[in-house]
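Descriptive structure summary
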Amino acid sequence: MRVLVTGGAGYIGSHTLVELLGQAHAVCVMDSYANSSPVVLDRVRMLTNGTVTAVEGDVRHDDTLRRVMADFRPEVVIHFAGLKAVGDSMSDPLGYYDVNVNGTLALLRAMDVAGCRRIIFSSSATVYGEPVYLPYDEAHPLNPTSVYGRTKMIAEHILTDWAAANGGSAVLLRYFNPVGAHASATLGEDPADVPNNLMPYIAQVAVGQRSHVNVFGDDYDTPDGTGLRDYIHVVDLARAHVAAVDYATQRKGARPFNIGTGQPYSVQQMVEAFRKASGHPIPTVIAPRRAGDIAAMQADSTRAHAELGWRATHTLDDMAASTWAWQSGNPAGFRTPGR
Ligand code: NAD
Ligand code: UD1
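Below: a short report on this structure. Computed from a predicted structure; not experimentally measured. (Residues numbered from 1 in each chain as written. Chains lettered and ligands numbered in written order. Predicted model: local features only at pLDDT ≥ 70, side-chain atom pairs only at ≥ 80, totals over all residues. Heavy atoms only, no water.)

Side note on the pairing of strand S3 (residues 52–56)
Pairing of strand S2 (residues 26–31) with S3 involves five bridges; the strand directions are parallel. When the sheet's bridge partners are listed, Val27 is paired in S3 with Val52. As for the winding sense of the linkage, the β-α-β connection from S2 through helix H2 (residues 38–48) to S3 is right-handed. (Pairing = 2+ DSSP bridges. Helix = DSSP H or I, 4+ residues; strand = E, 2+ residues; numbered from the N terminus. Right-handed = clockwise from strand over helix to strand, strands pointing away.)

Brief notes about the environment of Gly180
You can see Gly180 is positioned in the loop between strand S7 (177–179) and helix H7 (198–206). C-alpha separation for the pair Gly180 and Thr323, spaced 143 residues apart in sequence, amounts to 4.7 Å. In this structure Gly180 touches Tyr11, His233, Val234, Met319, Ser322 and Thr323, once residues within four positions along its chain are discounted. (Contact = heavy atoms within 4.5 Å.)

Looking at the packing of helix H1 (residues 11–22) against helix H8 (residues 234–250)
Where H1 contacts H8, the two axes come as close as 8 Å, and the packing angle between them is 60°. Between H1 and H8, the crossing angle belongs to the class labelled oblique. At the point where H1 passes H8, the crossing takes the right-handed sense. For the pair H1 and H8, contact is made by Tyr11, Ile12, His15, Thr16, Glu19 and Leu20 and by Val234, Val235, Leu237, Ala238, Arg239, His241, Val242 and Val245, respectively. By residue class, the composition of the contact of H1 with H8 is nine nonpolar, three polar and two charged. (Axes fitted to C-alpha atoms, helices over the stretch in contact; angles between N-to-C directions. Parallel < 35°, antiparallel > 145°, perpendicular 65-115°, else oblique. Left-handed = near helix turned anticlockwise from the far one by under 90°. Nonpolar A, V, L, I, M, F, W, Y, C, P; charged D, E, K, R; others polar.)

Focus: the site of ligand 1
In the neighbourhood of ligand 1, 26 residues make up the surrounding shell, with Asp31, Asn35, Ser36, Lys84 and Tyr148 lying closest. For ligand 1, whose unbound accessible area comes to 820 Å², protein coverage reaches 95%. Broken down by secondary-structure element, the contributors of at least two residues to the shell around ligand 1 are H1, strand S5 (118–124) and helix H6 (147–166). The element that contributes the greatest number of residues to the shell around ligand 1 is S5, accounting for three residues. Among the residues forming the shell around ligand 1, the class breakdown is 12 nonpolar, 10 polar and four charged. (Near = heavy atom within 4 Å. Areas by Shrake-Rupley, 256 points an atom, 1.4 Å probe, with all protein chains shown as cover.)

Some details on the nonpolar core
By size, the foremost hydrophobic cluster in this structure holds 43 residues, and its most contacted members are Ile120, Leu173, Ile259 and Leu308. Among residues more than four places away in sequence, those in contact with Ile120 are Val76, Val77, Ile78, His79, Val171, Leu173, His241, Ala244, Val245 and Ala248. (Core = buried A, V, L, I, M, F, W, Y, C linked by side-chain atoms within 4.5 Å. Buried < 20%, exposed > 50% of the residue type's maximum accessible area, 1.4 Å probe, protein only.)

Focus on the site of ligand 2
The environment of ligand 2 is made up of 17 residues, and the closest members are Leu198, Asn214, Arg229, Arg290 and Asp293. Contact between ligand 2 and Asn177: an oxygen atom at 2.9 Å from a side-chain N or O atom of the residue. Between an oxygen atom of ligand 2 and a side-chain N or O atom of Arg229, the distance comes to 2.5 Å. Notes on ligand 2: free accessible area 730 Å², of which the protein chains cover 87%. Examining the composition of the shell around ligand 2, we find that three residues originate from one element, strand S8 (residues 213–216), more than from any other. (Polar contact = N/O pair within 3.5 Å; in protein donor to acceptor, adjacent residues only side chain to side chain.)

Right, here's the structure in full:
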């Protein structure tokens, strides 16, 4: 299949390219490099010995999109390009609606012109909001509490209406908490700023770039009082996209899928796993709860297993060990000299 990957130079996109190339798909990346760099694609080429066509461009720009569609003629699009920082989305709502919603609209318009009727979309578990019950299944009500979450929910609605109107296929992948890195330690998460998320923060403490991990609350109604999340290894997540590409060729309509392991871990358990993987102490300080956080979330991924034939295989130790190998081998991320 010819697969157009928007945002393919990003954290999840780059790992997905490796899995797509491993299954002999042809890939073309369109990325503005707003949160990544072309170096990432060089690493993917090195790792896979594969061809990665790349076009620098913004997913909101109709002209670039039409040119890419005409030149590459994708049979499927995987749409990763977007903004993802919850805090920024609250201070810059219009910027977030523009990239995440208008970007999706522009992409669908260009797909319509090109006659491409299959799309895999990066959604998020954050569309569910405060749990009414756990684990979340796909029928759980959607009630996102941030602008970021609302951009994802609105994009899901748009994709659902688009698929219904034209017989297209839209696979809505609701990721839980992606962590980890490629086993080669050549690809991984490379936050531009102070990490917002737990795992990259722990990794920076382990290599000595930060002094300690702030544990945001130890008085939640959870076994050790710290927040519980369903962490999913990025390579498992990447493989869910390959399964979704196959699914989209066989099914019409829009369908959401939870992509998680179903096994939640606490903040303390994540720190402990990282201590074990790195052999470093990783000091922690108990800090106040972070505004907007929920105590626990957990996926029911039965549907993804039944219909996509997908299931996570990596363990917590794999998540910690691969993150450690990436971070210690690339302390300055993709800017590490000599790598
Ligand atoms: P990322 O920032 O590493 O990757 C996003 C890529 O999109 C980057 O390469 C960036 O340069 C590119 N991009 C941003 N704006 C663009 C634009 N206007 N036009 C073209 N390219 C643009 O993020 P990621 O973690 O790989 O996330 C990928 C997708 O998955 C995003 O849509 C994100 O919202 C979603 N998601 C991520 C997480 C997570 O925790 N990482 C969880 C749930 C959903
Ligand atoms: C965050 C986003 C969510 C996004 C998800 C996936 C918020 C409110 N939500 O979710 O939209 O889909 O990332 O990447 O930002 N923690 C600490 N110390 C830290 C960082 C985090 O204790 O320095 C705790 C948090 O309180 C939470 C857990 O670690 O209990 C995980 O946090 P994080 O990695 O930020 O993910 P989420 O909050 O689940």
